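Residue-level structure breakdown
The lines below spell out each chain.
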Amino acid sequence: MLEFQNVSLAGLKNKHLNKINFKIDQGENIVIPNWTAEYDVFFMAVLRMKKAVVSGKIFFEGKDIQEKNRESLLRYRRQIGYVPVHKGLLKNLTVQENILLPMQIVENYNEKQMFERFDELKAFFLKDIDCDMPASTLSAEEEKRVMLARAVSASPKLLMLNCPILKVELQFKDNISNLIHDAVICRKLLPRNSSVILSTEYSFWTGMGKDDNFREFSLTTLFEN
(Lines give C-alpha, C1' and ligand atoms only; values in the text may rest on other atoms or scores of the structure.)
Protein backbone atom coordinates (compact mmCIF):
# COMPACT_ATOMS: atom_id res chain seq x y z
CA MET A 1 0.00 0.00 0.00
CA LEU A 2 2.58 2.60 1.14
CA GLU A 3 6.30 2.34 0.39
CA PHE A 4 9.32 4.59 0.96
CA GLN A 5 12.32 3.90 -1.29
CA ASN A 6 15.59 5.50 -0.12
CA VAL A 7 13.73 8.57 1.13
CA SER A 8 15.64 11.34 2.90
CA LEU A 9 13.68 13.91 4.87
CA ALA A 10 14.62 17.33 6.26
CA GLY A 11 13.73 17.25 9.95
CA LEU A 12 13.67 19.54 12.96
CA LYS A 13 16.65 21.19 14.70
CA ASN A 14 18.96 20.33 11.79
CA LYS A 15 18.25 16.62 12.21
CA HIS A 16 17.50 14.57 9.11
CA LEU A 17 16.08 11.16 8.39
CA ASN A 18 18.17 9.50 5.71
CA LYS A 19 17.57 6.53 3.42
CA ILE A 20 14.25 5.33 4.78
CA ASN A 21 13.15 2.06 3.24
CA PHE A 22 9.72 1.33 4.61
CA LYS A 23 6.66 -0.57 3.47
CA ILE A 24 3.24 -1.16 4.94
CA ASP A 25 0.85 -3.57 3.27
CA GLN A 26 -2.92 -3.35 3.03
CA GLY A 27 -4.51 -4.18 6.39
CA GLU A 28 -1.18 -4.13 8.25
CA ASN A 29 -0.46 -2.34 11.55
CA ILE A 30 2.93 -0.77 12.21
CA VAL A 31 4.14 0.89 15.41
CA ILE A 32 7.03 3.36 15.66
CA PRO A 33 7.98 3.33 19.39
CA ASN A 34 10.15 5.83 21.29
CA TRP A 35 8.43 8.89 19.80
CA THR A 36 10.36 12.16 19.51
CA ALA A 37 9.30 15.48 17.97
CA GLU A 38 11.52 14.78 14.95
CA TYR A 39 9.17 11.98 13.94
CA ASP A 40 6.67 14.62 12.85
CA VAL A 41 8.62 15.01 9.61
CA PHE A 42 7.96 11.37 8.74
CA PHE A 43 4.23 11.88 9.04
CA MET A 44 4.39 15.12 7.09
CA ALA A 45 6.18 13.28 4.28
CA VAL A 46 3.39 10.72 4.13
CA LEU A 47 0.94 13.61 3.97
CA ARG A 48 3.05 14.98 1.14
CA MET A 49 4.43 18.21 2.58
CA LYS A 50 6.87 19.20 -0.15
CA LYS A 51 9.52 20.78 2.08
CA ALA A 52 10.16 17.55 3.96
CA VAL A 53 11.15 15.29 1.07
CA VAL A 54 14.77 15.79 0.01
CA SER A 55 15.21 12.73 -2.18
CA GLY A 56 13.80 9.27 -2.89
CA LYS A 57 10.35 8.05 -3.86
CA ILE A 58 7.13 7.49 -1.97
CA PHE A 59 4.58 5.10 -3.48
CA PHE A 60 0.91 4.71 -2.53
CA GLU A 61 -0.89 1.75 -4.08
CA GLY A 62 1.96 1.45 -6.57
CA LYS A 63 1.87 5.07 -7.73
CA ASP A 64 4.62 7.63 -7.10
CA ILE A 65 2.94 10.39 -5.08
CA GLN A 66 5.87 12.71 -5.79
CA GLU A 67 4.72 12.94 -9.38
CA LYS A 68 1.05 13.60 -8.70
CA ASN A 69 -0.56 16.85 -9.81
CA ARG A 70 -2.58 18.89 -7.34
CA GLU A 71 -5.90 17.22 -8.14
CA SER A 72 -4.63 13.66 -7.86
CA LEU A 73 -2.65 14.62 -4.74
CA LEU A 74 -5.85 15.81 -3.11
CA ARG A 75 -7.52 12.52 -3.98
CA TYR A 76 -4.60 10.68 -2.37
CA ARG A 77 -4.77 12.73 0.82
CA ARG A 78 -8.51 12.10 1.12
CA GLN A 79 -7.71 8.42 1.66
CA ILE A 80 -5.71 9.17 4.80
CA GLY A 81 -7.00 9.64 8.34
CA TYR A 82 -4.65 11.49 10.67
CA VAL A 83 -4.50 12.23 14.40
CA PRO A 84 -1.72 14.75 15.08
CA VAL A 85 0.21 15.18 18.31
CA HIS A 86 -1.06 18.69 18.80
CA LYS A 87 -4.44 20.32 18.32
CA GLY A 88 -5.97 19.46 14.97
CA LEU A 89 -9.63 20.44 14.92
CA LEU A 90 -11.16 23.40 13.11
CA LYS A 91 -12.08 25.62 16.03
CA ASN A 92 -14.69 27.63 14.16
CA LEU A 93 -16.70 24.46 13.47
CA THR A 94 -18.81 22.45 15.88
CA VAL A 95 -17.79 18.98 16.99
CA GLN A 96 -20.34 17.46 14.61
CA GLU A 97 -19.15 19.58 11.67
CA ASN A 98 -15.53 18.52 12.28
CA ILE A 99 -16.50 14.84 12.19
CA LEU A 100 -18.71 15.17 9.12
CA LEU A 101 -16.07 17.06 7.16
CA PRO A 102 -13.98 14.08 5.92
CA MET A 103 -17.12 12.35 4.66
CA GLN A 104 -18.18 15.51 2.82
CA ILE A 105 -14.73 15.82 1.24
CA VAL A 106 -14.45 12.23 -0.04
CA GLU A 107 -17.95 12.48 -1.54
CA ASN A 108 -18.67 8.77 -1.01
CA TYR A 109 -21.53 9.35 1.41
CA ASN A 110 -25.01 10.70 0.92
CA GLU A 111 -26.55 12.79 3.71
CA LYS A 112 -28.35 9.85 5.32
CA GLN A 113 -25.18 7.74 5.35
CA MET A 114 -23.13 10.61 6.81
CA PHE A 115 -25.46 11.09 9.76
CA GLU A 116 -25.77 7.36 10.37
CA ARG A 117 -21.98 7.15 10.49
CA PHE A 118 -21.85 10.19 12.75
CA ASP A 119 -24.33 8.59 15.18
CA GLU A 120 -22.17 5.43 15.25
CA LEU A 121 -19.04 7.45 16.04
CA LYS A 122 -20.82 9.58 18.64
CA ALA A 123 -22.05 6.49 20.48
CA PHE A 124 -18.52 5.08 20.62
CA PHE A 125 -16.34 8.14 21.21
CA LEU A 126 -18.50 11.06 22.31
CA LYS A 127 -21.33 9.95 24.59
CA ASP A 128 -20.69 12.77 27.08
CA ILE A 129 -19.82 15.54 24.57
CA ASP A 130 -22.29 18.12 23.25
CA CYS A 131 -21.58 17.84 19.54
CA ASP A 132 -23.32 21.13 18.78
CA MET A 133 -20.67 23.03 20.74
CA PRO A 134 -17.70 24.70 19.00
CA ALA A 135 -14.54 22.60 18.97
CA SER A 136 -12.77 25.48 20.74
CA THR A 137 -14.61 24.60 23.98
CA LEU A 138 -13.16 21.08 24.31
CA SER A 139 -10.62 19.88 26.85
CA ALA A 140 -7.43 18.19 25.58
CA GLU A 141 -8.90 14.74 26.26
CA GLU A 142 -12.21 15.56 24.60
CA GLU A 143 -10.44 17.02 21.58
CA LYS A 144 -8.38 13.86 21.19
CA ARG A 145 -11.53 11.74 21.15
CA VAL A 146 -13.08 13.99 18.53
CA MET A 147 -9.88 13.80 16.44
CA LEU A 148 -10.01 10.00 16.61
CA ALA A 149 -13.65 10.03 15.51
CA ARG A 150 -12.89 12.42 12.67
CA ALA A 151 -9.86 10.42 11.52
CA VAL A 152 -11.84 7.19 11.10
CA SER A 153 -15.12 8.78 9.98
CA ALA A 154 -14.63 8.30 6.22
CA SER A 155 -13.11 4.78 6.62
CA PRO A 156 -9.64 5.77 5.36
CA LYS A 157 -7.34 3.35 3.58
CA LEU A 158 -4.47 4.55 5.78
CA LEU A 159 -4.83 5.76 9.37
CA MET A 160 -1.91 7.54 11.04
CA LEU A 161 -1.82 8.15 14.79
CA ASN A 162 1.03 10.45 15.77
CA CYS A 163 1.63 9.85 19.50
CA PRO A 164 -2.10 10.08 20.25
CA ILE A 165 -1.88 10.26 24.06
CA LEU A 166 1.01 12.73 24.43
CA LYS A 167 -1.10 15.83 25.11
CA VAL A 168 -3.78 14.03 27.13
CA GLU A 169 -4.10 14.50 30.89
CA LEU A 170 -2.66 11.55 32.83
CA GLN A 171 -6.00 10.42 34.27
CA PHE A 172 -7.46 10.05 30.76
CA LYS A 173 -4.61 8.23 29.00
CA ASP A 174 -6.01 4.75 29.72
CA ASN A 175 -9.37 5.73 28.28
CA ILE A 176 -7.80 6.99 25.04
CA SER A 177 -5.66 3.86 24.87
CA ASN A 178 -8.75 1.64 25.21
CA LEU A 179 -10.62 3.58 22.53
CA ILE A 180 -7.70 3.18 20.13
CA HIS A 181 -7.48 -0.53 20.90
CA ASP A 182 -11.18 -1.20 20.31
CA ALA A 183 -11.93 1.21 17.46
CA VAL A 184 -8.69 0.88 15.52
CA ILE A 185 -6.76 -2.24 16.44
CA CYS A 186 -9.88 -4.43 16.77
CA ARG A 187 -11.30 -2.63 13.71
CA LYS A 188 -14.67 -1.93 15.31
CA LEU A 189 -14.81 1.42 13.49
CA LEU A 190 -12.18 0.92 10.81
CA PRO A 191 -12.28 -1.44 7.80
CA ARG A 192 -10.15 -4.54 8.22
CA ASN A 193 -8.29 -3.78 4.99
CA SER A 194 -7.23 -0.34 6.27
CA SER A 195 -3.59 0.06 7.31
CA VAL A 196 -2.46 1.76 10.53
CA ILE A 197 0.75 3.58 11.45
CA LEU A 198 1.07 4.40 15.15
CA SER A 199 3.93 6.37 16.68
CA THR A 200 4.00 6.41 20.45
CA GLU A 201 5.95 6.86 23.63
CA TYR A 202 7.54 3.61 24.68
CA SER A 203 5.54 3.53 27.94
CA PHE A 204 2.28 3.56 25.96
CA TRP A 205 3.52 0.77 23.72
CA THR A 206 4.59 -1.44 26.64
CA GLY A 207 1.30 -0.59 28.39
CA MET A 208 -0.49 -2.12 25.41
CA GLY A 209 1.58 -5.25 25.98
CA LYS A 210 3.49 -4.69 22.71
CA ASP A 211 0.39 -5.82 20.85
CA ASP A 212 1.10 -8.75 18.52
CA ASN A 213 -1.11 -7.15 15.88
CA PHE A 214 1.64 -4.58 15.25
CA ARG A 215 4.99 -4.82 13.55
CA GLU A 216 7.68 -2.54 15.04
CA PHE A 217 9.59 -0.14 12.82
CA SER A 218 12.35 2.08 14.26
CA LEU A 219 13.34 5.47 12.89
CA THR A 220 15.94 6.13 15.60
CA THR A 221 18.92 4.71 13.70
CA LEU A 222 18.11 6.84 10.65
CA PHE A 223 18.63 10.23 12.30
CA GLU A 224 21.67 12.26 11.25
CA ASN A 225 22.73 15.79 12.21
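This report concerns the structure included in the present document. (Residues numbered from 1 in each chain as written. Predicted model: local features only at pLDDT ≥ 70, side-chain atom pairs only at ≥ 80, totals over all residues. Heavy atoms only, no water.)

Counting residues in each nonpolar core, the largest one holds 39 residues, and the members touching the most others are Phe125 and Leu126. Beyond its immediate stretch of four places on either side in the chain, leucine 126 contacts Val95, Ile99, Leu121, Cys131, Arg145, Val146 and Ala149. Core analysis: the second largest hydrophobic core is formed by 23 residues, Phe22, Phe60, Leu73 and Leu158 among them. (Core = buried A, V, L, I, M, F, W, Y, C linked by side-chain atoms within 4.5 Å. Buried < 20%, exposed > 50% of the residue type's maximum accessible area, 1.4 Å probe, protein only. Contact = heavy atoms within 4.5 Å.)

Along the chain, methionine 147 turns up in helix α5 (residues 140-153). The exposure class of methionine 147 is buried, given its relative accessible area of 2%. For the pair methionine 147 and asparagine 98, spaced 49 residues apart in the sequence, the C-alpha separation amounts to 8.5 Å. (Helix = DSSP H or I, 4+ residues; strand = E, 2+ residues; numbered from the N terminus.)

Between the first and last C-alpha of α5 there are 20 Å, a value that for 14 residues agrees with the 20 Å anticipated at 1.5 Å per step. Turning to α5, its buried residues are Glu141, Glu143, Lys144, Arg145, Val146, Met147, Leu148, Ala149, Arg150, Ala151, Val152 and Ser153. If you follow the buried residues of α5, they end up packed against β6 (80-83), α3 (95-106), α4 (111-125), β7 (158-162) and α6 (173-185). The first or second residue beyond α5 is serine 155, which carries a positive phi of 50 degrees. (Expected span 1.5 Å × (residues − 1).)

Bringing the environment of tyrosine 82 into the picture now. Residue position: tyrosine 82 is located in strand β6. When the C-alpha positions of tyrosine 82 and leucine 158 are compared, they lie 8.5 Å apart, and in sequence the two are 76 residues distant. Polar contacts involving the side chain of tyrosine 82 include one to the side chain of asparagine 162, which spans 3.3 Å. (Polar contact = N/O pair within 3.5 Å; in protein donor to acceptor, adjacent residues only side chain to side chain.)

What follows deals with the packing of aromatic side chains. Each pair of aromatic rings is reported with the distance of its centres and the angle of its planes. Tallied over the entire structure, the rule returns two aromatic pairs. Taken together, a centroid distance of 5.9 Å and an interplanar angle of 85 degrees make the contact between phenylalanine 4 and phenylalanine 22 edge-to-face. Highlighted residues: phenylalanine 4 in strand β1 (residues 2-10) and phenylalanine 22 in strand β2 (residues 16-24), separated in sequence by 18 residues. Residues phenylalanine 4 and phenylalanine 22 agree in their burial class; the two are buried. Ring geometry for phenylalanine 124 against phenylalanine 125: centres 5.0 Å apart, planes inclined by 70 degrees, an arrangement best described as edge-to-face. Looking at phenylalanine 125, the relative accessible area reads 3%, which means it is buried. (Phe/Tyr/Trp six-rings, centres within 6.5 Å; stacked < 30°, edge-to-face > 60°.)

What follows concerns the pairing of strand β4 (residues 53-60). Across two bridges, the pairing between β4 and strand β5 (residues 63-64) is antiparallel. In the strand pairing of β5, phenylalanine 60 is matched with lysine 63. Counting the residues in the hairpin turn of β4 and β5 gives two residues, including glutamate 61, whose phi is positive at 55 degrees. (Pairing = 2+ DSSP bridges.)

A few words on the sheet that holds strand β3 (residues 29-32). Backbone-to-backbone hydrogen bonds join strands into a sheet, with any given pair of strands oriented parallel or antiparallel. Strand order in the open sheet formed by five strands is β6-β7-β8-β3-β9, with parallel pairing between adjacent strands. Across the chains shown, the open sheet's two edge strands, defined by having one partner strand only, are β6 and β9 (214-216). Shown here is a sheet whose adjacent strand axes are inclined to one another by a mean of 20 degrees, direction ignored. Relative to β9, β3 runs parallel, the two sharing three bridges. (Axes fitted to C-alpha atoms, helices over the stretch in contact; angles between N-to-C directions.)

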